[in-house]
Amino acid sequence: MDLLTSDASLVQFGATSFFAQAVNYFLFVGVVFLLVWKLLAKALAGRRIPTRFDFGLPQVKREVLNTLLTLLLGTVSAVAIVALYRAGLTKLSSGEDWPWWQSGLALVGLLVFNDTWFYWWHRLLHHPKLFKHVHAVHHRSVDVNPFTSYSFHAAEGFILGAWSIPMALLVPMSLQVLMAAQVVGLLNNIVSHLGYELLPRWWLRAPLLKWSSSATYHSLHHSQFNGNYGLFFRFWDRLMGTELKDYERVFRAESGGAEAPREGTALTEPRPL
Ligand SMILES: [Zn+2]
Ligand SMILES: [Zn+2]
């Protein structure tokens, strides 16, 4: 519980947390980018998700600046949780006495809650009045790459991280599980914006796995705008009828299958922002 109870002021905690997150994020994303987009690009050519707008250096520069703002506003959520903990208002514990299965169940619960939070905020941010002011920042990247993962408007950067505040306030929760959910969220975001489909084709036949989102799933959201709003899972899109109907066909094509031709996939001209 050092993180929560140390003598550091909230400003010191926030500054340290932001710096650590930024260094870790750019190191990790940089390594993934080099590996997938440079070193293995030829070997993975068949798994590149095609798009009509190839990204360039100006896009990456814009994404890096947006990411710094997103991380800064994401730090506000972390500082808020520490402040609430010190005021005795959260239900956070160290979770050291939690058996592994309890931590596992809690992690799944957090991912489902985060997915729900994201889906509905995402739908709201696609409302025309909000879209052009906030979410359009993320959608300026039509051809995604790992640097797109946290390229958001500052306000969205806060919204995306704020799901953890009601959880810390209302649900008895282990700090370790909460942090694990943040790590899973980061990895999921990078995979969603990889620009390459690395999952095997049988993924969509696997009973549980098929309900997860994928790089193809989210790339279709960037190219078509009006569907596939989910973060980790496909549940909400299926339930609300917002899953893009070509998803499974395009996934089979991008994951190395021969069932659907790679030419003429569902990637269409994006609507003007
Ligand atoms: Zn969107
Ligand atoms: Zn995205």
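Draft legend 1. Examining the overall build of the chain more closely. Each helix and strand counted, the chain has 11 helices and 2 strands in total. The order of helices and strands in the chain, counted from the N terminus, is α-α-α-β-α-α-α-α-β-α-α-α-α. Over its C-alpha atoms the chain spans a radius of gyration of 19 Å, differing by no more than 12% from the 19 Å that the globule rule assigns to 273 residues. The C-alpha extent of the chain, read off along each of the three principal axes, is 60 × 40 × 40 Å. Sorting the 273 residues of the chain into buried and exposed places 34% on the buried side. Of all intrachain contacts in the chain linking residues separated by at least 6 positions in sequence, the fraction that spans at least 24 positions is 73%.

Draft legend 2. Spotlight on helix α2 (residues 10-39). With 30 residues, α2 extends 41 Å from end C-alpha to end C-alpha; this agrees with the ideal 44 Å at 1.5 Å per step. Looking at the buried side of α2, the elements it contacts are α3 (57-86) and α8 (175-192).

Draft legend 3. Spotlight on the environment of Asn145. With respect to the helices and strands, Asn145 occurs in the loop between α5 (128-139) and α6 (154-161). Not counting the four nearest positions on each side in its chain, Asn145 is found in contact with Phe33, Trp37, Phe55, His193 and Gly195.

Draft legend 4. A look at the nonpolar core. If you look at the biggest cluster of nonpolar residues, it comprises 16 residues, and the most contacted ones within it are Leu194, Tyr196 and Ala215. Where this core is concerned, the elements lending two or more residues are α2, α6 and α8. Per-element tally for this core: the top contributor is α2, with 3 residues. Sequence-distant contacts of Tyr196, defined by excluding residues within four places in its chain, comprise Val36, Leu44, Arg47, Arg48, Ile49 and Ala215. Membership of the second largest hydrophobic core comes to 14 residues, among which are Ala78, Leu92, Met173 and Leu175.

Draft legend 5. Focus on the environment of Gly30. Structurally, Gly30 can be placed in helix α2. According to the C-beta neighbour criterion, Gly30 is exposed, with 12 such atoms within 10 Å. A C-alpha to C-alpha distance of 8.1 Å links Gly30 and Pro146, two positions 116 residues apart in sequence.

Draft legend 6. The arrangement of unusual backbone geometry in detail. We note that Phe225 has phi near 70°; this positive angle belongs to a residue other than glycine. For Phe225, the location among the structural elements is in the loop between α9 (215-224) and α10 (235-240). Assessed through the 18 C-beta atoms surrounding it within 10 Å, Phe225 is described here as partly exposed. Phi is positive for Asn228, close to 55°, though the residue is something other than glycine. What makes Asn228 buried here is the crowd of 24 C-beta atoms within 10 Å.

Draft legend 7. A look at the confidence of the model for the chain. This prediction gives the chain a mean pLDDT of 89; 92% of its residues lie at or above 70. By mean pLDDT, helix α1 (residues 2-5) is the weakest element of the chain at 66, and α10 is the strongest at 98. Scored below 50 in pLDDT, residues 258-273 makes 29 contacts in the model with residues more than four places away or belonging to other chains.

Draft legend 8. View of the packing of α3 against α6. Closest axis-to-axis distance for the α3/α6 pair is 7 Å, and the angle between their directions is 40°. The orientation of α3 relative to α6 falls into the category oblique. Between α3 and α6 lies a crossing of right-handed hand. Residues Leu69, Thr70, Leu73, Gly74, Val76 and Ser77 of α3 form the contact with α6, whose participating residues are Ala154, Gly157, Phe158, Leu160 and Gly161. Taken together, the residues of the contact of α3 with α6 break down into 6 nonpolar, 5 polar and no charged.

Rules used throughout
- Residues numbered from 1 in each chain as written.
- Chains lettered and ligands numbered in written order.
- Predicted model: local features only at pLDDT ≥ 70, side-chain atom pairs only at ≥ 80, totals over all residues.
- Helix = DSSP H or I, 4+ residues; strand = E, 2+ residues; numbered from the N terminus.
- Rg over C-alpha atoms; globule rule 2.2 N^0.38 Å.
- Buried ≥ 20, exposed ≤ 12 C-beta atoms within 10 Å, placed from the backbone.
- Contact = placed C-beta atoms within 7 Å.
- Expected span 1.5 Å × (residues − 1).
- Core = buried A, V, L, I, M, F, W, Y, C linked by C-beta atoms within 7 Å.
- pLDDT = per-residue confidence, 0-100.
- Axes fitted to C-alpha atoms, helices over the stretch in contact; angles between N-to-C directions.
- Parallel < 35°, antiparallel > 145°, perpendicular 65-115°, else oblique.
- Left-handed = near helix turned anticlockwise from the far one by under 90°.
- Nonpolar A, V, L, I, M, F, W, Y, C, P; charged D, E, K, R; others polar.

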